[in-house]
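Residues per chain, in single letters:
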Amino acid sequence: MKIKNHTDYHQLKQLIKDWATQLGFQQCGISDIELSQAGEYLNKWLANKYHGNMDYMHRHGSKRYHPEQLLPQTLTVISVRLDYMPPNLTPYQELLDRPNKAAVSRYALGRDYHKVIRQKLKKMTQKIEQQIGDFGHRVFTDSAPVMEKAIAEKAGLGWIGKHSNLINSKTGSYFFLGEIYTDLPLEPDKKATFHCGTCTQCIQDCPTNAIVSPFQVDARRCISYLTIENKGEIPIEFRKAMGNRIYGCDDCQMVCPWNKFTQNTQEQDFHPRHQLDDTDLLTLFKWTEQEFLNNTEGSPIRRIGYHAWQRNIAVALGNAKATGNIIEALQAKLNSCSDMVKTHIEWALGELVG
Ligand code: SF4
């Protein structure tokens, strides 16, 4: 197996899967690079302007669904998945029912998954190199124009549900994906089959009706987009529906019947930091910018920045049960925040005190 031209690719594929397990991934599959159907979906989504201000979705053109244009010589993709649900959390629905608590998307409670997955994938490529010598490759995790869900579906890791997330019949949908583009002629795995059936629970229960039709999410209405990707104001029409969701939204996953099979993560890195799984909105709103930077170091939350963080919490406080402490805290920030945050605080005070 030392010389690439004489490699036993059947054996190498099995070794890659074994290494994936040793590195802590729950599953690993191989996909070819024929993604024309996914490209059609993407172009329809972009034509409908469902991407909002995510201009980067346009920017790379067909590179997204032509892996060989992103990395020349690519023949196959190694696709992996890693469970992220930490054990012993306050249930998400319980948080939503307590409006003075903060609801943070479960994937963002611990360490930034980009770093965790990238390190593991790098180790995987080193193992392959030790086995066969140099090979063409690049690792990705939500980091470049890569159609990771379509690739994972082709690699047999799960099917794309009507909410557009990947679902695995053994573990639901609370997992991250990562990819290695390679020039290795590995045999592709079988594409996963679709098991949503006639269910439409996620479409019905989306708080902002963002799933406009099966597989088509209008990001401009999606709370995940509004609280994370969106850099500007949150449109007034969605503020009430946001409730206490201050970073992302898990509703479409929470109501999905396949998530009764959720497996807890084996990664200590994804366990909650700073009790983000069960904290009062007010505590988080009172963080200074320095505290925000300290407390979100190594967390995906840091990327939205302090102003967007305050903006999101201000809206959530406007949806909370009014208390003297909340009103005082909102008023106290009015003169020391950005103009964008100020308009959200004013909205919140209008909701609380009329
Ligand atoms: S809630 Fe139902 S329709 Fe939506 S992704 Fe899950 S199974 Fe599919």
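How each quantity is defined
- Residues numbered from 1 in each chain as written.
- Predicted model: local features only at pLDDT ≥ 70, side-chain atom pairs only at ≥ 80, totals over all residues.
- Heavy atoms only, no water.
- Phe/Tyr/Trp six-rings, centres within 6.5 Å; stacked < 30°, edge-to-face > 60°.
- Helix = DSSP H or I, 4+ residues; strand = E, 2+ residues; numbered from the N terminus.
- Buried < 20%, exposed > 50% of the residue type's maximum accessible area, 1.4 Å probe, protein only.
- Lys NZ or Arg CZ within 6 Å of the ring centre and 35° of its normal.
- Pairing = 2+ DSSP bridges.
- Axes fitted to C-alpha atoms, helices over the stretch in contact; angles between N-to-C directions.
- Contact = heavy atoms within 4.5 Å.
- Near = heavy atom within 4 Å.
- Nonpolar A, V, L, I, M, F, W, Y, C, P; charged D, E, K, R; others polar.
- Domains from an automatic or database assignment.
- Parallel < 35°, antiparallel > 145°, perpendicular 65-115°, else oblique.
- Left-handed = near helix turned anticlockwise from the far one by under 90°.

(A) Broad picture of the packing of aromatic side chains. Across all of its chains, the model carries 16 aromatic pairs by this definition. Ring centres of Tyr84 and Tyr174 lie 6.0 Å apart, and the angle between their planes is 80°; this geometry places the pair in the edge-to-face category. In this pair, Tyr84 is assigned in the loop between β2 (76-83) and α5 (92-96) and Tyr174 in the loop between β6 (166-167) and β7 (175-182), connecting sequence segments 90 residues apart. Note on Tyr174: relative accessible area 7%, which makes it buried. Between Phe176 and Phe270 the ring centres are 5.2 Å apart and the planes differ by 70°, which places this aromatic pair in the edge-to-face class. Separated by 94 residues along the polypeptide, Phe176 in strand β7 and Phe270 in the loop between α11 (251-254) and α12 (281-285) bring together distant segments of the chain. Of note, Arg81 hangs over the ring of Phe175, and the distance from its end group to the ring centre comes to 4.9 Å. The ring centre of Phe285 lies 4.6 Å from the NZ or CZ of Lys333, which sits over that ring.

(B) Here's a closer look at the sheet that holds β7. Pairing within the open sheet is antiparallel, and its four strands lie in the order β1-β2-β7-β4. Where the open sheet ends on each side, the last strands, each with one partner, are β1 (27-31) and β4 (137-140). Adjacent strand axes in the sheet meet at a mean angle of 20°, parallel and antiparallel pairs treated alike. Sitting on the sheet, helix α1 (residues 9-22) is in contact with β1 and β2, with an inclination near 145° to β1. Along the sheet face, helix α6 (residues 113-132) touches β2, β4 and β7 and points at about 35° away from the line of β7.

(C) Local environment of the site of the ligand. Lining the immediate environment of the ligand, one finds Gly161, Lys162, His163, Ile167, Cys196, Cys199, Gln201, Cys202, Cys256, Pro257 and Trp258. The residue inventory of the shell around the ligand, partitioned by class, reads seven nonpolar, three polar and one charged. When residues of the shell around the ligand are assigned to domains, at least three map to each of domain 1 (4-87 + 109-182) and domain 2 (201-353).

(D) Representation of the packing of helix α15 (residues 324-333) against helix α16 (residues 339-353). Two elements in contact, α15 and α16, have axes whose closest approach is 10 Å; the angle formed by their N-to-C orientations is 155°. One way to sum up the angle between α15 and α16 is to call them roughly antiparallel. α16 is crossed by α15, and the crossing has left-handed handedness. Two secondary-structure elements touch here, α15 through Ile326, Ile327, Leu330, Gln331 and Lys333 and α16 through Ile345, Ala348, Leu349, Leu352 and Val353.

(E) Broad picture of the environment of Ser299. Mapping Ser299 onto the fold places it in the loop between α13 (289-295) and α14 (305-318). With near-sequence residues (within four places) excluded, Ser299 lies in contact with Ala108, Gly110, Asp112 and Arg273.

Purely geometric stuff here, so don't read any function into it on its own.
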